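Inside the fold
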Amino acid sequence: MKIGIAADHGGFQLKQILSPIISKLGYELVDFGAKEQNDQDDYPDFVIPLARAVASKEVQRGIAVCGSGVGASIAANKVTGVRAALVHDHFSAHQGVEDDDMNLLCLGGRVVGNNVAQEIIQTFLQAKFTEAERHVRRLQKVKQLEK
């Protein structure tokens, strides 16, 4: 599975820690930046290209990290076809995929610790959408809003 990752200055350090871990788990990683720590950068510059790659299926799932994760989540959800959520717990990491077909995970680099972030990402990447009728029905209603 091809995974995209992006972070601004607030999530840069966590991205640097998580990227090799994701690769070691056997996923092909595409880094959408930032490529260096720059306190003047803006999360949309990295998150929007990642979200577009998720929507176009260039990558199967995405991980976006900013300081709180909120800005990344807001920006990613502006791209049609993206179902992004700010997640800081194990349950939401798998439930968001299983029930809501979440395809982009947002994390707060200043909120969640390295070990917890690693567990959340592993859970997110291993989860599968159940395709239960009720979940498909609900997603269709959400998709109608994008038209």
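Scroll up to find the structure.
This section reports on the structure supplied with the text. Source: prediction; values computed, not measured.

Cut-offs applied
Residues numbered from 1 in each chain as written. Predicted model: local features only at pLDDT ≥ 70, side-chain atom pairs only at ≥ 80, totals over all residues. Heavy atoms only, no water. Pairing = 2+ DSSP bridges. Helix = DSSP H or I, 4+ residues; strand = E, 2+ residues; numbered from the N terminus. Axes fitted to C-alpha atoms, helices over the stretch in contact; angles between N-to-C directions. Polar contact = N/O pair within 3.5 Å; in protein donor to acceptor, adjacent residues only side chain to side chain. Contact = heavy atoms within 4.5 Å. Buried < 20%, exposed > 50% of the residue type's maximum accessible area, 1.4 Å probe, protein only.

Before going further, it helps to examine the sheet that holds strand 1 (residues 2-7). Across the sheet, 5 strands lie side by side as 2-1-3-5-4; this open sheet has parallel pairing. Both outer strands of the open sheet, strand 2 (28-31) and strand 4 (84-86), are each paired with one neighbouring strand and no more. Strand-to-strand twist of the sheet, defined as the mean angle between neighbouring strand axes without regard to direction, takes the value 20°. Here strand 3 (residues 61-66) runs beside strand 5 (residues 104-108); their pairing, made up of 5 bridges, is parallel. Bridge pairing in strand 5 links A64 to C106.

In this fold, S19 is placed in helix 1 (residues 12-24). In terms of polar contacts, S19 uses its side chain to reach the backbone carbonyl oxygen of K15, at 2.8 Å. Not counting chain neighbours up to four residues away, the residues in contact with S19 comprise I5 and L29.

Turning to the environment of L29, a few remarks are in order. Note that L29 resides in strand 2. Residue classification places L29 among the partly exposed residues on the basis of a relative accessible area of 24%. Between the alpha carbons of L29 and I3 there is a distance of 5.0 Å; along the sequence they are 26 residues apart. Not counting residues within four places of it along the chain, the set of residues in contact with L29 comprises I3, I5, S19, I22 and S23.

Our focus in this paragraph is the environment of Q37. Tracing the backbone shows Q37 in the loop between strand 2 and helix 2 (44-55). On a C-alpha basis, the gap between Q37 and I17 in space is 13 Å, while along the polypeptide they are 20 residues apart. The residues contacting Q37, other than those within four sequence positions of it, are H9, F12 and Q13. A polar side-chain atom of Q37 sits 3.2 Å from the main-chain carbonyl oxygen of H9. In terms of polar contacts, Q37 uses its side chain to reach the side chain of D39, at 3.1 Å.

Just distances and angles here, no functional claims.
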